[in-house]
Amino acid sequence: MSQEYKESMFFDKRTRQFIENINTELIELVTQQPIVYYSVEGSLTDSDDIYGESKSKTYRQPVMLYGLILYNEPLVTTGTFSTETQYSLKVYLQHSRIEDDLKVRPKMGDYLQFGEKYYEVTSVKYPQFIGGIPQFELGVYLDCVSVRENVFNPEKQGNYDPSTQGGIVTGK
């Protein structure tokens, strides 16, 4: 970590590394719940001047991550002409693995794929730190809601060509 901290009697770098190794083993080797993460590039996305909305998203090369997935009960709404089901997830990711090792910084507005569905990240929370030391964040919680296919579907919207776009995917 970039910031200095004072080690306590019961918690040092070796203890921190042990906890992170156990979490990595549990999440990546035991539970094995893969997600594909799409980090949206807001500065490269062409958005509306008034509302800040965009018809297409520009995102970085997708990254496969492992996390713990908690399904929430689907929300079913019935309108005048149809019924719509909205799915939501709570995703736990290991902080050191995604940010230090994979260089992914989760943020609101990013997308992820779990199973066959795509979800938008609606909130990002860093609730835990190890040993009471704020520099050692243990996990990241993402609240996500399902998105319609016309809002985000990289299989239909984007083309990735690393030789010409430098890791950027432009949605169409």
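In short, a report on the structure. (Residues numbered from 1 in each chain as written. Predicted model: local features only at pLDDT ≥ 70, side-chain atom pairs only at ≥ 80, totals over all residues. Heavy atoms only, no water.)

Across its full length, the protein chain carries 4 helices and 12 strands. Intrachain contacts of the protein chain at a sequence separation of at least 6 include 60% that bridge at least 24 residues. A total of about 11,000 Å² of accessible surface is found on the protein chain, and carbon and sulfur atoms cover 51% of it. (Helix = DSSP H or I, 4+ residues; strand = E, 2+ residues; numbered from the N terminus. Contact = heavy atoms within 4.5 Å. Areas by Shrake-Rupley, 256 points an atom, 1.4 Å probe, with all protein chains shown as cover.)

Along the chain, D143 turns up in strand β10 (residues 139–146). Judged by relative accessible area, D143 falls into the buried class, the value being 18%. A polar atom in the side chain of D143 sits 2.9 Å from the side chain of K125. In this structure D143 touches L89, K90, E120, V121, T122, S123 and K125, once residues within four positions along its chain are discounted. (Buried < 20%, exposed > 50% of the residue type's maximum accessible area, 1.4 Å probe, protein only. Polar contact = N/O pair within 3.5 Å; in protein donor to acceptor, adjacent residues only side chain to side chain.)

Relative to the helices and strands, E20 resides in helix α1 (residues 13–31). Look at E20 and you get buried, because its relative accessible area is 8%. Leaving out residues up to four positions away in the same chain, E20 has contacts with Q94, S96 and I130.

Scanning all chains against the criterion turns up 5 salt bridges. Note that E84 and R148 form a salt bridge whose closest N and O atoms lie 2.7 Å from each other. Of this pair, E84 sits in strand β6 (residues 83–86) while R148 sits in the loop between β10 and α3 (154–157), and the two are 64 residues apart along the sequence. For E84, a relative accessible area of 33% puts it in the partly exposed group. A salt bridge links K125 to D143, with the shortest nitrogen-to-oxygen separation between them at 2.9 Å. Of this pair, K125 sits in strand β9 (residues 117–125) while D143 sits in strand β10, and the two are 18 residues apart along the sequence. Here the salt bridges share partners, and the residues they tie into one network are K90, K125 and D143. (Salt bridge = Lys/Arg side-chain N within 4 Å of Asp/Glu carboxyl O.)

Turning to the packing of aromatic side chains, a few remarks are in order. The description of an aromatic ring pair rests on the distance of the ring centres and on the angle between the ring planes. Evaluated as defined, the whole model comprises 3 aromatic pairs. It is K90 that lies over the ring of Y141; its NZ or CZ is 5.5 Å from the centre. (Phe/Tyr/Trp six-rings, centres within 6.5 Å; stacked < 30°, edge-to-face > 60°. Lys NZ or Arg CZ within 6 Å of the ring centre and 35° of its normal.)

Taken as a whole, the largest pocket spans an internal volume of roughly 380 Å³. Taken together, 16 residues make up the lining of the largest pocket; nearest its centre are Y118, S146, V147, R148 and E149. Tallying contributions element by element places β6 first for the lining of the largest pocket, with 3 residues. Looking at the lining of the largest pocket residue by residue, the class counts come to 5 nonpolar, 5 polar and 6 charged. (1 Å grid on protein atoms, 1.4 Å probe; cavity = no way out; pocket = protein on both sides within 12 Å on 5 of 7 lines; lining within 4 Å. Points joined across faces, edges and corners; volume = space filled by probe spheres on them. Nonpolar A, V, L, I, M, F, W, Y, C, P; charged D, E, K, R; others polar.)

So, about the nonpolar core. Membership of the largest hydrophobic core comes to 16 residues, with the highest contact counts inside it found for I35, L89, V91, L112, L142 and C144. Excluding residues that lie within four positions of it along the chain, V91 makes contacts with I35, L68, I69, L112, V140, Y141, L142 and C144. (Core = buried A, V, L, I, M, F, W, Y, C linked by side-chain atoms within 4.5 Å.)

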